[in-house]
Amino acid sequence: MSETPAIDLRKVEKIYYLGAEVRVHALRGISLKVYRGDFISIMGPSGSGKTTLLNIMGTMDRPTKGRVIVDGIDVTDMSEGRLAVIRREKIGFVFQAYNLITTLSALENVMLPMLLTGKYTEAEAKEKAMLLLELVGLEERAAHRPRELSGGEQQRVAIARALANDPAFVLMDEPTGSLDTVTGARVMSLVKLLNEHFGQTFIVVTHNPAVAKVAQKMFFIRDGLLYLSPPKELLEFRMSANAEDRIRLLDIQVRLLRNDILSLRRRFRSGDIPRETYLRMKRNIIRRLEYLRRLTGYEGL
Amino acid sequence: MVNVNVVKYAVKFAWSDILTRKMRSTLTVLGIAVGVALLIALMSVSLGMRSEIETKLEEYLGVGILVSSNETLLPESISLKILKIPYVRDAYPLILVFGSVEERPAVIIGLPPEKQDEYLTVAEVLEGRELNPGDKGVLLEEKLAKRLNVKVGDKVTVSAGLAGRGKDSYPVVGIVKMESLIGFGEMNVLIMPIKLAQDLLGRPSYASQIQVKVVNRRYVDVVARTIKKLYPHATITTPEEIMRRINRILNIINTALISIASISMIVASLSVMNTIMMVVRERIREIGILKAIGATRGHVLMIFLSEALLLSIMGGLLGAFSGAVGSYLLQELISRLTNVRVPPIFRLDIIGEGMLIALIVGVSSGFYPSWKGASIRPIEALRYE
């Protein structure tokens, strides 16, 4: 295929050096091509590397190894100033919340990326921003400040702003993370609509399967690696505790029980608690002991 | 290339920030205003003081030269010889000594009665009359007369010279008002004919100084040199020389005043720095968003610097205004304390300087925190919540 991908990640690795000895391998070689018109989601739990991946795709962080190519331009080694231009002209951002500049109206928030390019007059920017707000159904809220908008409305303004400079792709970081389910669904259906009817490219990073499923294609990220299907074997591995852990837990339980028995006996003898209470608490302890016996099959307790 | 629209947004952004944090902005503006006001008030008053002293000195000496001697007295006849020097318009003997009137310390001025109007240029007779040639009476300065509760026709006892060598009583012929003569402002003054003063001191035909008037200011130096040649032991004082000495003192005072004002400007700059630091901290997430949507460091810097600039402009304007008001208050204070009225002089350049200093101080002290804020990497800024 000769088409240029909107974003092309080539064996991207990211290592964080936290100390002289400690390092975290956040991304372990990720290759991904997203073409214009695609709508993909990347799903993963926290600590899976999805935020790192998002930052690298958004040119806000640099990979330790590998190349990042945005709309055919290799941005891996670009200066901060030139990266700002790439972000301005090629990438749209929608974050989880507090996306907007609070001192500017919805309209001005949408105009801002256009004005930053210096390619629009104020009148042109205003006209286009108005159309984009209409697209997300907020033309009547144009003059409102973010504080006067609901969470869903704020996210729609953020989407309108992301589209302002006709980006190669729009990056969304947990776009419904701060919204209730119904509002979140409405925002995601707007995203789907924009993808289907305008061919706008979207990359959604989330831990929410319902959000991820809206995309045409889902990816899964675990421990810095990208998968096309949920990596179950990893999940199972996590569930099974090893033998050493079990023995340690049992040991602590036995010691706790011993503490309880001694303290109960002392309190009964000193007349601190009546006989009735003593017997009830004793039964409780015996029940816990029985449970441990059954668990371990050890009669010596 | 400066993007006009972005500048407009930066200013708008900064302005709405100032409005949302009214208390903090007001305090910062006041901080700058106090510094600027102090600077303008002190400079205006000191300028007024200088010009007032110059005028008073001019009135006192005119285009004159003062000849005096370290050995208290000069022969009176010197004035006649000085009169013959070219360009000299007038020369007359004076006696100026410390003494007492009715046991009160006073300055005793002995002068030829026909010169009293010229010497006491601004005197006004309140009661009685001026001195006549050959008079045996004295004039009392208004305040002294009030203190002694003396009227025209009463006799006063005057002693002069060291250890009360001369002592005599004289009838008061007139009470005069003297606009503050340099150096006499708060002092008791008694004026008598020079003959009487000479007799009182027991030194007939002697004077403590010779007042010399020159036809034109240009010749002051020439005449001063000629007198110096004739009387090498005499001390010759010209208005320029006095002014030079006074200027030296005024410069020291001025430097002290400006240092005080500078300290308050330093405080103002710390306040601006603190404010911008807080603004940056509050706006850190928005810095992240701005950078994510493609704002450069320069764009972000512009926003915070506009805020510093706006605060400084407001502080400067308020400071210029209150500096003008403050200098009148300062003048009032000075006149209450010293009885000298010094009208402050406002010059556009002083007000402009005050404003300029406010802007420079504001923007330069806002620069460091703004730069720090603008240099935050977008992912760090976005992580901050």
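For the structure itself, look to the data block above.
The following refers to the structure shown. (Residues numbered from 1 in each chain as written. Chains lettered and ligands numbered in written order. Predicted model: local features only at pLDDT ≥ 70, side-chain atom pairs only at ≥ 80, totals over all residues. Heavy atoms only, no water.)

**As for the overall build of chain B**
Next up, step 1: Counting secondary structure elements, chain B contains twelve helices and twelve strands.
Next up, step 2: Within chain B, the fraction of its 385 residues that count as buried is 51%.
Next up, step 3: Within chain B, contacts between residues separated by at least 24 positions form 79% of all contacts whose residues are at least 6 apart in sequence.
Next up, step 4: For chain B, the exposed area adds up to about 18700 Å²; of that, 62% sits on carbon and sulfur atoms. (Helix = DSSP H or I, 4+ residues; strand = E, 2+ residues; numbered from the N terminus. Buried < 20%, exposed > 50% of the residue type's maximum accessible area, 1.4 Å probe, protein only. Contact = heavy atoms within 4.5 Å. Areas by Shrake-Rupley, 256 points an atom, 1.4 Å probe, with all protein chains shown as cover.)

**Observations concerning the packing of helix H9 (residues 284-292) of chain B against helix H10 (residues 297-338) of chain B**
Residues and elements named next belong to chain B.
Next up, step 1: Closest axis-to-axis distance for the H9/H10 pair is 10 Å, and the angle between their directions is 140°. With respect to H10, the element H9 is oriented oblique. Note on packing geometry: the crossing formed by H9 with H10 is right-handed. Where H9 abuts H10, its residues Ile287, Leu290 and Lys291 lie against Arg297, Val300, Ile303 and Phe304.
Next up, step 2: Classifying every residue of the contact of H9 with H10 gives five nonpolar, no polar and two charged. (Axes fitted to C-alpha atoms, helices over the stretch in contact; angles between N-to-C directions. Parallel < 35°, antiparallel > 145°, perpendicular 65-115°, else oblique. Left-handed = near helix turned anticlockwise from the far one by under 90°. Nonpolar A, V, L, I, M, F, W, Y, C, P; charged D, E, K, R; others polar.)

**Examining helix H11 (residues 348-374) of chain B**
Next up, step 1: In this model, H11(B) (27 residues) spans 37 Å end to end at C-alpha, consistent with the 39 Å of a helix rising 1.5 Å per residue.
Next up, step 2: Of all the bends in H11(B), the largest measures some 35° and sits at Phe367(B), one to four residues before the proline Pro369(B). (Expected span 1.5 Å × (residues − 1). Bend = angle between axes of the 7 residues up to and from the residue.)

**Some details on the environment of Thr20(B)**
Next up, step 1: Tracing the backbone shows Thr20(B) in helix H1 (residues 4-20).
Next up, step 2: Of note is the side chain of Thr20(B), whose polar atom sits 2.9 Å from the backbone oxygen of Asp17(B). (Polar contact = N/O pair within 3.5 Å; in protein donor to acceptor, adjacent residues only side chain to side chain.)

**Concerning the pattern of salt bridges**
Next up, step 1: Taken as a whole and assessed by the stated rule, the structure comprises 28 salt bridges over all chains.
Next up, step 2: In this structure, Lys192(A) and Glu196(A) form a salt bridge, with 3.4 Å as the shortest nitrogen-oxygen distance. Of the two residues, Lys192(A) and Glu196(A) are both situated in helix H6 (residues 181-198); the distance of four residues between them amounts to about one turn of the helix.
Next up, step 3: Between Asp272(A) and Arg267(A) there is a salt bridge, with the nearest N and O atoms lying 3.6 Å from each other.
Next up, step 4: Salt bridges linked by common partners bring Asp17(B), Arg21(B), Arg24(B), Glu282(B), Arg283(B) and Glu286(B) together as one network. (Salt bridge = Lys/Arg side-chain N within 4 Å of Asp/Glu carboxyl O.)

**With respect to the packing of aromatic side chains**
Note on aromatic pairs: each is described by the distance of the centres and the angle between the planes.
Next up, step 1: For the coordinates displayed, the defined rule picks out five aromatic pairs over all chains.
Next up, step 2: When the centroid spacing of 5.6 Å and the interplanar angle of 15° are considered together, the rings of Phe93(A) and Phe95(A) count as stacked.
Next up, step 3: Taking relative accessible area as the criterion, Phe95(A) reaches 5% and is therefore assigned buried.
Next up, step 4: Over the aromatic face of Tyr206(B) sits the side chain of Arg203(B), whose NZ or CZ is 4.9 Å from the ring centroid.
Next up, step 5: Taking the ring centre of Phe95(A) as reference, the NZ or CZ of Arg285(B) above it sits at 6.0 Å. (Phe/Tyr/Trp six-rings, centres within 6.5 Å; stacked < 30°, edge-to-face > 60°. Lys NZ or Arg CZ within 6 Å of the ring centre and 35° of its normal.)

**Some thoughts on the pairing of strand S9 (residues 189-193) of chain B**
The side chains of a regular strand alternate, residue by residue, between the two faces of the sheet.
All names here are of chain B.
Next up, step 1: Taken across its five residues, S9 has five buried, putting it largely inside the fold.
Next up, step 2: Taken together, the five bridges between strand S4 (residues 104-111) and S9 define a ladder with parallel strand orientation. Looking at S9, one finds that Val107 is bridged to Val189.
Next up, step 3: Here two bridges tie strand S6 (residues 138-141) to S9, and the two strands are oriented antiparallel to one another. Within S9, the residue paired with Leu140 across the bridge is Leu190. (Pairing = 2+ DSSP bridges.)

**Observations regarding the sheet that holds strand S1 (residues 7-17) of chain A**
Residue and element names in this part refer to chain A.
Next up, step 1: Strand order in the open sheet made by the four strands is S2-S1-S4-S5, with antiparallel pairing throughout. Edge strands, defined here as strands with exactly one partner in the open sheet, are strand S2 (23-34) and strand S5 (73-74).
Next up, step 2: Pairing geometry for strand S4 (residues 65-70) and S5, over two bridges, is antiparallel. Bridge pairing in S5 links Val70 to Ile73.
Next up, step 3: Here helix H1 (residues 50-57) sits on the sheet and contacts S1, S2 and S4; the angle it forms with S1, its principal contact strand, is near 125°.

**Observations concerning the interface of chain B and chain A**
Accessible area lost during the coming together of the parts is what is often quoted as the interface size.
Next up, step 1: Contacts between the two partners involve 25 residues from chain B, matched on the other side by 30 residues from chain A.
Next up, step 2: Both sides of the chain B and chain A interface together cover about 2500 Å² of buried area, and 60% of this is carbon and sulfur.
Next up, step 3: Counting the contacts that link chain B with chain A gives three salt bridges.
Next up, step 4: Across the pair Glu122(A) and Lys8(B) runs a salt bridge, and its minimum N-O distance is 2.4 Å. (Buried area = accessible area lost by both parts, 1.4 Å probe.)

**Some words on the sheet that holds strand S7 (residues 169-173) of chain A**
Residue and element names in this part refer to chain A.
Next up, step 1: If you trace the six strands from one edge of the open sheet to the other, you get S6-S7-S8-S3-S9-S10, paired in mixed fashion. Each having just a single partner strand, strand S6 (91-94) and strand S10 (225-227) make up the two edges of the open sheet. Here the strands of the sheet are splayed against their neighbours by 20° on average, with no regard to which way each runs.
Next up, step 2: Here S7 pairs with strand S8 (residues 202-206) via four bridges, running parallel. Paired with Leu171 across the two strands is Ile203, which belongs to S8.
Next up, step 3: Lying over the sheet, helix H2 (residues 80-90) contacts S6 and S7, oriented at roughly 80° with respect to S6.

**Thoughts on unusual backbone geometry**
Next up, step 1: Of note, Glu174(A) is a non-glycine position whose phi angle comes to about 45°, a positive value.
Next up, step 2: Positive phi, normally seen in glycine, also occurs at Ser205(B), with a value near 70°.

**Thoughts on the side chain of Ser312(B)**
Residues and elements named next belong to chain B.
Next up, step 1: Note on placement: Ser312 falls in helix H10.
Next up, step 2: Using a relative accessible area of 1% as the deciding quantity, one classes Ser312 as buried.
Next up, step 3: Apart from residues no more than four positions distant in its own chain, Ser312 is found in contact with Ile32, Ala358, Leu359, Gly362 and Val363.

**Some details on the packing of H10(B) against H11(B)**
Residue and element names in this part refer to chain B.
Next up, step 1: Contact geometry of H10 with H11 gives a least axis separation of 8 Å together with a crossing angle of 150°. Classed by the angle they form, the pair H10 and H11 counts as roughly antiparallel. Seen from above, H10 lies across H11 with right-handed handedness. Residues Arg297, Val300, Leu301, Phe304, Leu305, Ala308, Leu309, Ser312, Ile313, Gly316, Leu317 and Ala320 of H10 form the contact with H11, whose own contacting residues are Ile351, Met355, Ala358, Leu359, Gly362, Val363, Gly366, Phe367, Ser370, Trp371 and Ala374.
Next up, step 2: When its residues are assigned to classes, the contact of H10 with H11 shows 17 nonpolar, five polar and one charged.

**Let's talk about the nonpolar core**
Next up, step 1: By size, the foremost hydrophobic cluster in this structure holds 113 residues, and its most contacted members are Ile7(A), Leu9(A), Ile42(A), Leu133(A), Ile159(A), Phe169(A) and Ile203(A).
Next up, step 2: Filtering out sequence-adjacent residues up to four positions away, Ile7(A) remains in contact with Leu32(A), Lys33(A), Val34(A), Met57(A), Val68(A), Ile69(A), Val70(A), Phe169(A) and Ile203(A).
Next up, step 3: Among the nonpolar cores identified, the runner-up in size contains 43 residues, and Ala145(B), Leu196(B), Val214(B) and Val220(B) belong to it. (Core = buried A, V, L, I, M, F, W, Y, C linked by side-chain atoms within 4.5 Å.)

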